[in-house]
Amino acid sequence: MKIKRALLIKLSVFVITTILLFTIHVQANTPSNTNFENIASKALVNLKLLVGDAQGNLNLQSNVTRCEFVTLVNRMMAYDTDEKNNSSVSVPFKDINQKHWAYNNIKIALKYSLINGYTDNTMRPDNCVSFVEASAVVIRALGYENNIKKKWPEGIIDKSKELGLNKNLKIPEDKLLTRGEASVLIYNALTVSFTE
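Residues numbered from 1 in each chain as written. Predicted model: local features only at pLDDT ≥ 70, side-chain atom pairs only at ≥ 80, totals over all residues. Heavy atoms only, no water.

Engineer: Which residues make up the overall build of the protein, and what values do they have?
Structural biologist: Scanning the protein from terminus to terminus reveals seven helices and zero strands. Counting from the amino terminus, the protein carries its helices and strands in the arrangement α-α-α-α-α-α-α. Split into buried and exposed, the 196 residues of the protein put 40% on the buried side. Contacts in the protein between residues far apart in sequence, at least 24 positions, make up 70% of those at least 6 positions apart. Total accessible area on the protein is roughly 12,000 Å²; 55% of this is exposed by carbon and sulfur atoms. (Helix = DSSP H or I, 4+ residues; strand = E, 2+ residues; numbered from the N terminus. Buried < 20%, exposed > 50% of the residue type's maximum accessible area, 1.4 Å probe, protein only. Contact = heavy atoms within 4.5 Å. Areas by Shrake-Rupley, 256 points an atom, 1.4 Å probe, with all protein chains shown as cover.)

Engineer: Summarise the layout of surface pockets; cite the residues concerned and give the values.
Structural biologist: Reported here for the largest pocket is a volume of approximately 230 Å³. At the level of secondary structure, the elements contributing two or more residues to the lining of the largest pocket comprise α3 (66-76) and α5 (131-142). Looking at the lining of the largest pocket, the element that brings in the most residues is α5, giving four residues. Looking at side-chain class alone, the lining of the largest pocket contains nine nonpolar, two polar and three charged residues. Leu 50, Val 51, Glu 68, Arg 75 and Arg 179 are, among the 14 residues lining the second largest pocket, the residues nearest its centre. (1 Å grid on protein atoms, 1.4 Å probe; cavity = no way out; pocket = protein on both sides within 12 Å on 5 of 7 lines; lining within 4 Å. Points joined across faces, edges and corners; volume = space filled by probe spheres on them. Nonpolar A, V, L, I, M, F, W, Y, C, P; charged D, E, K, R; others polar.)

Engineer: Tell me about unusual backbone geometry, residues and numbers included.
Structural biologist: Put simply, Trp 152 and Pro 153 share a cis peptide bond, and its omega is -5°. Position of Pro 153 among the secondary structure elements: in the loop between α5 and α6 (154-163). Despite not being glycine, Ala 78 shows a phi value in the positive range, around 60°. Looking at the secondary structure, you find Ala 78 in the loop between α3 and α4 (103-111). A positive phi angle is found at Asn 168, which is not glycine, with a value near 65°. Residue placement: Asn 168 occurs in the loop between α6 and α7 (179-189).

Engineer: Pulling in residues and values, what's your account of the state of the cysteines?
Structural biologist: In this structure the tally under the stated criterion is zero disulfides. Residue Cys 67 stays outside any disulfide, its sulfur separated by 10.0 Å from that of Cys 128, the closest cysteine. Under the relative-accessibility criterion, Cys 67 is labelled buried at 1%. When its relative accessible area of 28% is taken as the criterion, Cys 128 is described as partly exposed. (Disulfide = S-S within 2.5 Å.)

Engineer: Talk me through the packing of α5 against α7; I want residue IDs and the actual numbers.
Structural biologist: How two helices pack is summed up by the angle between their axes together with the distance between the axes. Their axes nearest at 11 Å, the elements α5 and α7 cross at an angle of 25°. It follows that α5 is roughly parallel to α7 by the angle criterion. Seen along the crossing, α5 lies across α7 with a hand that is right-handed. Where α5 abuts α7, its residues Phe 131, Ala 134, Ser 135, Val 138 and Leu 142 lie against Leu 185, Ile 186 and Ala 189. Split into classes, the residues belonging to the contact of α5 with α7 amount to seven nonpolar, one polar and no charged. (Axes fitted to C-alpha atoms, helices over the stretch in contact; angles between N-to-C directions. Parallel < 35°, antiparallel > 145°, perpendicular 65-115°, else oblique. Left-handed = near helix turned anticlockwise from the far one by under 90°.)

The values reported here are purely geometric and, on their own, carry no functional implication.
Below you can see the structure in the form of structure tokens.
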């Protein structure tokens with residue numbers, strides 16, 4: 001009886017130790033948000049989708065603006081190579097003019113129906129973008145907007161999860177994105193098939 005009980009205790013300790021060691025090993029080999037942001041941003045730099053500031057700094061912890069994110073998506077889709085064919089596109093937003101650094105990127109995004117703006121005829125180009133807003137732009141670029149059945153923002157959130165756009169992002173949907181998180185979102189989008 002004592003031998004069976006001792007054997008049962010040893011077996012239980014062995015199983016629990018094995019489970020704990022496996023869990024620690026998996027956690028140690030799973031990239032954290034920050035590590036994956038670095039991985040994703042380096043990949044995007046290599047693809048020439050992400051560029052740094054004048055000193056080359058990526059500023060991954062800084063929030064990304066709406067016009068910066070639209071520029072990233074334009075590059076991801078290679079729409080930025082089509083700048084010459086935008087003369088017929090008019091920018092209806094009253095808060096952006098031709099002198100704004102992202103004016104041509106806004107025109108490109110309008111041409112490809114990536115952005116809508118607000119009901120007050122503004123785009124708020126220098127405001128920071130939230131995860132759900134950024135996901136909506138990516139979903140439009142990939143051609144999945146017409147497959148969304150629910151209203152805003154639930155439909156975008158559900159489609160984002162379905163497509164895996166939120167992979168390696170542990171953030172609330174309404175959180176303002178950092179440049180690092182935006183890098184992960186774009187990186188994830190690169191693995192999604194296009195739809196027509």
